[in-house]
Amino acid sequence: MDATRLEWLSATDAARAIREGSISSERLVEACLARIQAVEPAVQAWQYLDPAHALAQARARDLDRKDGRPIGPLYGVPVGVKDIIDTADMPTEDGTVLHAGRTPDRDAAVVSMLRAAGAVIMGKTVTTECATYMPGKTRNPHNPEHTPGGSSSGSAAAVAAGMVPLALGSQTNGSVIRPAAFCGVYGFKPTHGLISRHGILKLSRTLDHVGVFARTLEDVALLAEQFTGYDERDPDTRPRARIPFVQTAAEEPPFAPHFAFVRTPLWERTEEATRDAFAEITGVLAGQCREYELPESLRDAWDWHRTIMEAEMAANLDLEWEKGRDRLSESLRDQLARGREVRALDYQKALARIAILNQGFDELFSNYDAVLTPAAPGTAPKLAATGDPAFCTLWTLCGMPSLSLPLMNGADGLPLGVQLVGRRDGDARLLRTARWLVSRVQAD
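Bear in mind the structure is a predicted one, so any value in this text is a computation, not a measurement.

Student: Looking at this model, I keep getting lost on the packing of helix α13 (residues 344–365) against helix α14 (residues 390–398). Mind explaining?
Tutor: Any two packed helices are characterised by the angle at which their axes cross and by the distance between the axes. At a minimum axis distance of 9 Å, the contact between α13 and α14 shows a crossing angle of 100°. When the axis of α13 is compared with that of α14, the two are roughly perpendicular. For the pair α13 and α14, the contacting residues are Ile354, Leu357, Asn358 and Phe361 in the first and Leu394, Trp395, Leu397 and Cys398 in the second. Among the residues making up the contact of α13 with α14, the classes are represented as seven nonpolar, one polar and no charged.

Student: Would you mind going over the sheet that holds strand β4 (residues 166–171) with me for this structure?
Tutor: Across the sheet, which stays open at both edges, the 11 strands sit in the order β1-β3-β2-β4-β6-β5-β10-β11-β9-β7-β8 with mixed pairing between neighbours. One side of each edge strand has no neighbouring strand; the edge strands of this open sheet are β1 (46–49) and β8 (289–291). Strand-to-strand twist of the sheet, defined as the mean angle between neighbouring strand axes without regard to direction, takes the value 30°. Of the strand pairs in this sheet, strand β2 (residues 78–82) and strand β3 (residues 120–125) are connected by five bridges, and their pairing is parallel. Opposite Val79, over in β3, you have Ile121 as the bridge partner.

Student: What am I meant to see in the nonpolar core here?
Tutor: The tendency in soluble globular proteins is for nonpolar side chains to be buried side by side. Grouped together as the largest cluster of nonpolar side chains are 133 residues, with contacts concentrated most on Val110, Leu114, Phe361, Leu403, Leu420 and Leu437. Those residues within four positions of Leu437 in sequence are excluded, and the remaining contacts are Phe259, Leu285, Leu372, Leu405, Leu407 and Leu420.

Student: Sorry if this is basic, but what is going on with unusual backbone geometry here?
Tutor: Trans is the prevailing form of peptide bonds, just as negative phi is the prevailing case for residues other than glycine. For the peptide bond that leads from Gly150 to Ser151, omega is 5°, which places it in the cis range. Here Ser151 lies in the loop between β3 and α5 (153–160). You will see that Gln44, though not glycine, has its phi angle at about 55°, which is positive. Within the fold, Gln44 resides in the loop between α2 (25–43) and β1. Positive phi, close to 60°, is recorded for Asp94, a residue that is not glycine. Mapping Asp94 onto the fold places it in the loop between β2 and α4 (109–116). Taking relative accessible area as the criterion, Asp94 reaches 3% and is therefore assigned buried.

Criteria and thresholds
- Residues numbered from 1 in each chain as written.
- Predicted model: local features only at pLDDT ≥ 70, side-chain atom pairs only at ≥ 80, totals over all residues.
- Heavy atoms only, no water.
- Axes fitted to C-alpha atoms, helices over the stretch in contact; angles between N-to-C directions.
- Helix = DSSP H or I, 4+ residues; strand = E, 2+ residues; numbered from the N terminus.
- Parallel < 35°, antiparallel > 145°, perpendicular 65-115°, else oblique.
- Contact = heavy atoms within 4.5 Å.
- Nonpolar A, V, L, I, M, F, W, Y, C, P; charged D, E, K, R; others polar.
- Pairing = 2+ DSSP bridges.
- Core = buried A, V, L, I, M, F, W, Y, C linked by side-chain atoms within 4.5 Å.
- Buried < 20%, exposed > 50% of the residue type's maximum accessible area, 1.4 Å probe, protein only.

Below, the structure is given as structure tokens:
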């Protein structure tokens, strides 16, 4: 196998090759480290990276295989971890000077699951300040003058640049879907409560989700399958059987899927390239895609999301506000100040709307397999901001699973993501529908 191309292997192919003995984890990690050395000066995706520690993990994996120990589904595969997710052997600084040098003594739940699956924790990827809006140092791998999105900027960029095949992120508004769209990779935000958030910087219990990045849908399914399950330390998880993401995503749908094309009330924000892309996709789908107009009352959903997010952020970051507000960015200070002023009545009313919204969407999903909608207004804007998350807001508020699919490019050559949204708890089916859609679009 060509060692110069190992870094571009999918996680699925890499894990298979390691199991079969055609490559070692050490060789794979060496190839990824060489790629990082070559492109990191331009991309700047990593907050913490210790090559010696990454190689030590890989050698330990290879010894396990040589000694006949059990080999997990991600055995020897390097994974990037967003720097708001605790790692017991690496710092977790949350993108803020207030947490500089912070060294957790335990892994987050998802990191423990990665290690159990045999993964190599490559390092910590850059996050925006406390996973909010103030950009970090990361640049878009396709054009370093443009943003990679946020807040999971380093994770999306690292996967897109060939540094690692997989990475973890999080989403409270649009922090997985948007950077995946801007960087041209797959990004998956599962149903709220499907994956434990224990050991991850808490912004909003109501809205926080763990998310994953990969270069193939098969890899999205492989990574997501490792994480589902109950964790008593996260009160929004519940006991459930392991979801067969890989098997379900690979199946053919029993019937050709039907899609609801939802412009949302924000369609006027889209760029011409986005409008042209969706005209092309809906044209390819022809009779299997119909435009669905959201009720006028849903215009307030963006305000409900902001009320919940900022109120809960203000509570969860109260210590940072009290001890170090002068060292926070102006944008984060403004968010926290607004959150501290939210009335209890308005907060409770906004929370109550989530169940009502999902009841309304039950009717939509009784007729359609998925919602087709923009992931962002257009391609990645220039640096200084992380881009508009508004096309993700409604689906995050509702806790629905969503995917960013790298199907198109804008006139500027940058990736243009398509967002696919499914019914709550229909995560594996959404991946199956996405695979059908990607095949259909690519065939045309």
